[in-house]
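Residue strings, one per chain:
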Amino acid sequence: MKKRAVKLLPVFLMAVLLSGCVEAPVVGQGVAGKKKQPVFGRHTVGQNFEVYDRNLTRVDVFLYPPRAFRGRPVLPKESGARTRLADKKVVMRLYSWPDRREVAVAERPVSKMNRAAMRTFYFDPIPESKKRSYYFEISAPGLTEDLAIRVGLRYGDLYRRGTAYIDSRPAAGGDIQFMPYIRMTPRMLLNSIGSRLLADPAFIAVWLLLVLATAAATALAWRKPVVQR
Amino acid sequence: MPFTTHSDLLSIYYRAHLLLERRPFKGFGPNLFSLLHAGFLWLFKPLIPYASIWGNPRANTYELGDWMVFVNTSYIFRELFLFKLPYLVFEALAVWMLIKLSEPDRTVKAVAFWMLNPVVIFSTYIFGRFDIVVVFLLLSALYLVKLNRDNEAMIVLGLAVLLRVYPIILVLPFALILKTDSRARWRLAGFGLLPLLASILAGLSSGEARAVKGLAGMQHLEYPLTMKFYLFNQDNLYVFVFLYSLVILYLLLNTRHGFSDLVRYCFYVVVLFFATSFFHPHYFIWLAPFAALYTELPQFLPVHRLQIAAWVTYTFQWGRSLAGYLLAPLSPAFFWSVMSPSEWIDRFYPSIQVVGIARSFFSAACLAMAYVVWRESKVAMVPADVNEPAKERVAP
């Protein structure tokens, strides 16, 4: 057994732990939608989902830019769209589910959304998020239809623990591309690793015996020449 | 062993699973490997929750989503351990071969070099690839040469070629060094290519012409052609082919014979490959069996250490798939989100340039190792007394 590989693991883990917390994704849904659902004015798109651990702190959503960009990195100075988008924001509101109590709000400026990409919405970590359901809603109340951002919608129930909502109504088995994140602390990481190791105790016990036996055999073989001398 | 994996491990076992289920699968590849892994899978099928590993039961190829599900399963550690257990067996056999090949006073060092070599550990147990099987075959071929069983050695080398194709670059050096007679050389080369040719012919005759064409079109076959000089129009000079041809022509024009020459020229060819060709990080284990036989040469190990450091940096170009993702079984959510070394470097300096610099140094280190071996071979050939004939070392 390669003890050296195992020895490297604690070193790596320590390096990671010392580097601070890490935002770890909760398994969401990573497939882009084919239908681009516009978000503007009173029109919203939402998604409910489940969180398996504490410290929910971020939701990433795949958003398409307003058509005015047309693939350009910046809008021309003379373009009216640039002026109209200058102070407009995309808002992500997070609610507990199903009671719909608002727990967090995050915003992003629309003027910087010049390409289709996953957009991150940060909020303060929610310590009690473990094994709870949430619902987030994307809105852009200051936008008009011609400047709407769009959310990719895909039908086929790719994310089985939730569904997409259009204007607060379920989108019949559809899902949007999204990924929630928790802020994983070192303690949470160790708990996570520990619980995974203990999920198969029989194997871990056998493996530990093998490792100890190998270590003992190696130590004995190493000492033998000294004894002979 | 049970805590790390790359998705390639699942891909080979996925094909094995399709074989066990008697379902067709996409891709040609060495079917012998798939058969081998089907045998392994069949052996430890009762020990794992077999049905839950493979994702969509109607699919005939695995997808990234299947790997993410696989890594998240409760019995992942057991599955990884069992999937890699056959590789441990082959490694034990490789070490046994190494003991047979090295001189008695050098055995401990050679085995220690092998057991503690990060490249071997990474390729076999962290990445979880089957190249150790090919390495065992290479060592076996060398051992058969040492026993003066040249034909059998070429057949075994041919099996290595069948399994991984790249050992084909060793067929000509074997043939040219083991025999001096042209006819005998052709015969040996034929033996070395026979398994691969037989496999291709079998594929063609069973109606797999498209698959054979697919094999010829594999991107991997272009890797030795990646370093080139463009001359004009369709005129390119491929550096590895050029240098390899120089070695082969040198062997044609000069008689080199014996086990130590064979090991030496195989070593030259393999380091030239790594110095001039694109390669996946786990391929680097192919150098290890030859390098293990030179560990006592002065300055060889220090150069090799530098080479390994450069190789580690070279792996940064694969981003998270060769960083945090490898540890995903321990905590998928955490290790999937850990920044890769290249992403961290990009904060300060373009990582692509750092990788390029390391790769350049790696190539230089390869050539430096070849120089160390060549220099030692010259020292070995110098007679102790001018009245005495030059005596070649029996073993490297």
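Residues numbered from 1 in each chain as written. Chains lettered and ligands numbered in written order. Predicted model: local features only at pLDDT ≥ 70, side-chain atom pairs only at ≥ 80, totals over all residues. Heavy atoms only, no water.

J.: Please provide a residue-by-residue account of the overall build of chain A, values included.
T.: Scanning chain A from terminus to terminus reveals four helices and 13 strands. A buried classification covers 44% of the 229 residues belonging to chain A. Across chain A, contacts joining residues at least 24 apart in sequence account for 79% of those joining residues at least 6 apart. Total accessible area computed for chain A in this model is approximately 12,600 Å², and 57% of it derives from carbon and sulfur atoms. (Helix = DSSP H or I, 4+ residues; strand = E, 2+ residues; numbered from the N terminus. Buried < 20%, exposed > 50% of the residue type's maximum accessible area, 1.4 Å probe, protein only. Contact = heavy atoms within 4.5 Å. Areas by Shrake-Rupley, 256 points an atom, 1.4 Å probe, with all protein chains shown as cover.)

J.: Describe the packing of helix H12 (residues 239-253) of chain B against helix H13 (residues 259-276) of chain B, with residues and values.
T.: All names here are of chain B. One way to put it is that H12 packs onto H13 with a least axis distance of 9 Å and a crossing angle of 165 degrees. Taken as axis vectors, H12 and H13 run roughly antiparallel relative to one another. Of the two possible hands of crossing, H12 and H13 adopt the one that is right-handed. Packed against H12, whose contacting residues are Val239, Phe240, Leu243, Tyr244, Val247, Tyr250 and Leu251, the element H13 presents Tyr265, Val269, Leu272, Phe273 and Thr276 at the interface. Of the residues contributing to the contact of H12 with H13, the split by class is 11 nonpolar, one polar and no charged. (Axes fitted to C-alpha atoms, helices over the stretch in contact; angles between N-to-C directions. Parallel < 35°, antiparallel > 145°, perpendicular 65-115°, else oblique. Left-handed = near helix turned anticlockwise from the far one by under 90°. Nonpolar A, V, L, I, M, F, W, Y, C, P; charged D, E, K, R; others polar.)

J.: A description of a positive patch on the surface should follow, citing residues and the corresponding values.
T.: Residues and elements named next belong to chain A. Taken together, Arg54, Lys130, Lys131 and Arg187 make up a surface patch of like positive charges. Looking at the element boundaries, Arg54 is found in the loop between strand S3 (45-51) and strand S4 (56-64). When its relative accessible area of 33% is taken as the criterion, Arg54 is described as partly exposed. (Patch = residues over 30% accessible without salt bridge, like charges linked within 9 Å, V, L, I, M, F, W, Y side chains within 5 Å. Salt bridge = Lys/Arg side-chain N within 4 Å of Asp/Glu carboxyl O. Lys, Arg positive; Asp, Glu negative; His and termini not counted. Charge placed at Lys NZ, Arg CZ, Asp CG, Glu CD.)

J.: Provide a residue-level description of the nonpolar core, including the pertinent values.
T.: Residue and element names in this part refer to chain B. Phe174, Phe267 and Phe274 are the most contacted members of the largest nonpolar core, which totals 185 residues. By residue number, the principal contributor to this core is H13, which donates 14 residues. Those residues in contact with Phe274 that sit more than four places away from it in its chain are Phe279, Tyr283, Phe284, Trp286, Leu287, Arg359, Phe362, Ser363 and Cys366. (Core = buried A, V, L, I, M, F, W, Y, C linked by side-chain atoms within 4.5 Å.)

J.: I'd like to hear about the packing of aromatic side chains, residue by residue, with values.
T.: Evaluated as defined, the whole model comprises 47 aromatic pairs over all chains. Look at B:Phe273 and B:Trp286: their rings are 6.1 Å apart centre to centre, the planes differ by 40 degrees, and that puts the pair in the tilted class. Pair noted here: B:Phe273 is in helix H13 and B:Trp286 is in the loop between H13 and helix H14 (288-291), with a separation of 13 residues, a long-range link. The class of B:Trp286 is buried, set by a relative accessible area of 7%. For A:Lys36, the ring lying beneath its charged end belongs to A:Tyr64, and the centroid distance is 4.7 Å. A cation over an aromatic ring shows up here: A:Arg58 above the ring of A:Tyr181, its NZ or CZ 3.8 Å from the ring centre. (Phe/Tyr/Trp six-rings, centres within 6.5 Å; stacked < 30°, edge-to-face > 60°. Lys NZ or Arg CZ within 6 Å of the ring centre and 35° of its normal.)

J.: So what about the side chain of B:Gln307? Which residues, and what values?
T.: Residue and element names in this part refer to chain B. With respect to the secondary-structure elements, Gln307 resides in helix H15 (residues 300-314). What makes Gln307 buried here is its relative accessible area of 0%. Here His304 takes part through its side chain, which lies 2.8 Å from a polar atom of the side chain of Gln307. Residues contacting Gln307, with those up to four places away along its chain left out, are Phe284, Leu287, Phe362, Ala365, Cys366 and Met369. (Polar contact = N/O pair within 3.5 Å; in protein donor to acceptor, adjacent residues only side chain to side chain.)

J.: Give a detailed account of the interface of chain A and chain B, specifying residues and quantitative values.
T.: In this assembly, 26 residues from chain A lie in contact with 29 residues from chain B. Between chain A and chain B, a total of about 2,500 Å² is buried, with carbon and sulfur atoms accounting for 76% of that surface. Across the contact surface, chain A and chain B share one salt bridge. Linking B:Arg78 and A:Asp200 is a salt bridge whose minimum nitrogen-to-oxygen distance equals 2.7 Å. The interface formed by chain A and chain B holds five residue pairs in polar contact (both at pLDDT 80 or more) in total. Breaking the side of chain A that touches chain B down by element, the ones donating at least two residues are helix H1 (3-18), strand S1 (22-25), helix H3 (186-198) and helix H4 (201-228) of chain A. Looking at the side of chain A that touches chain B element by element, the count peaks at six residues for H1(A). Considering only residue class, the side of chain A that touches chain B consists of 20 nonpolar, one polar and five charged. (Buried area = accessible area lost by both parts, 1.4 Å probe.)

J.: Would you mind going over the sheet that holds strand S11 (residues 169-170) of chain A in detail, with residue names and values included?
T.: Strand pairing in a sheet relies on backbone hydrogen bonds, with the paired strands running either antiparallel or parallel. Residues and elements named next belong to chain A. If you trace the six strands from one edge of the open sheet to the other, you get S6-S5-S8-S3-S10-S11, paired in antiparallel fashion. A strand with exactly one partner marks an edge of an open sheet, and here the two such strands are strand S6 (101-109) and S11. Note that S3 and strand S8 (residues 132-139) share seven bridges and pair antiparallel. By the bridge assignment for S8, Asn48 is matched with Tyr135. (Pairing = 2+ DSSP bridges.)

J.: An account of the environment of B:Arg256 is needed here, citing residue identities and associated values.
T.: Residue and element names in this part refer to chain B. Mapped onto the elements, Arg256 comes out in the loop between H12 and H13. Residue Arg256 is classed as partly exposed on the basis of its relative accessible area of 22%. Through-space distance from the C-alpha of Arg256 to that of Ala160 is 23 Å; in sequence the pair is 96 residues apart. Other than its neighbours up to four places away in sequence, Arg256 contacts Leu176, Ile177, Tyr250, Leu251, Asp261 and Tyr265. At 2.8 Å, the side chain of Arg256 and the side chain of Tyr250 are in polar contact.

J.: Describe in detail H13(B), supporting the description with residues and values.
T.: Between the first and last C-alpha of H13(B) there are 26 Å, a value that for 18 residues agrees with the 26 Å anticipated at 1.5 Å per step. Burial within H13(B) is extensive, with 18 of its 18 residues counted as buried. (Expected span 1.5 Å × (residues − 1).)

J.: Residue-level account of a nonpolar patch on the surface, with values.
T.: Nonpolar side chains collect at one region of the surface, where B:Met339, B:Trp344, B:Phe348, B:Tyr349 and B:Ile357 lie side by side and expose about 560 Å² of accessible area between them. As for its position among the elements, B:Phe348 is in the loop between helix H17 (341-345) and helix H18 (351-381).

J.: Just give me the short version of the pairing of strand S13 (residues 178-184) of chain A, but keep the residues and values in it.
T.: Residue and element names in this part refer to chain A. Of all seven residues in S13, six are buried, a share of seventy percent or more. The pairing of S4 with S13 spans five bridges and is antiparallel. Bridged to Val59 within S13 is Pro180.

J.: Give a detailed account of empty space enclosed by the protein, specifying residues and quantitative values.
T.: All names here are of chain B. Summed over all chains, the structure comprises four cavities of 30 Å³ or more. What the second largest cavity holds in volume is close to 90 Å³. Residue lining of the second largest cavity: Val134, Leu138, Tyr166, Pro167, Ile169, Leu170, Val270, Phe273, Phe274, Trp286 and Phe290, and that is the complete set. Elements supplying a minimum of two residues to the lining of the second largest cavity: helix H7 (131-146) and H13. Sorting elements by how many residues they give to the lining of the second largest cavity places H13 first, with three residues. Tallied by class, the residues present in the lining of the second largest cavity amount to 11 nonpolar, no polar and no charged. (1 Å grid on protein atoms, 1.4 Å probe; cavity = no way out; pocket = protein on both sides within 12 Å on 5 of 7 lines; lining within 4 Å. Points joined across faces, edges and corners; volume = space filled by probe spheres on them.)

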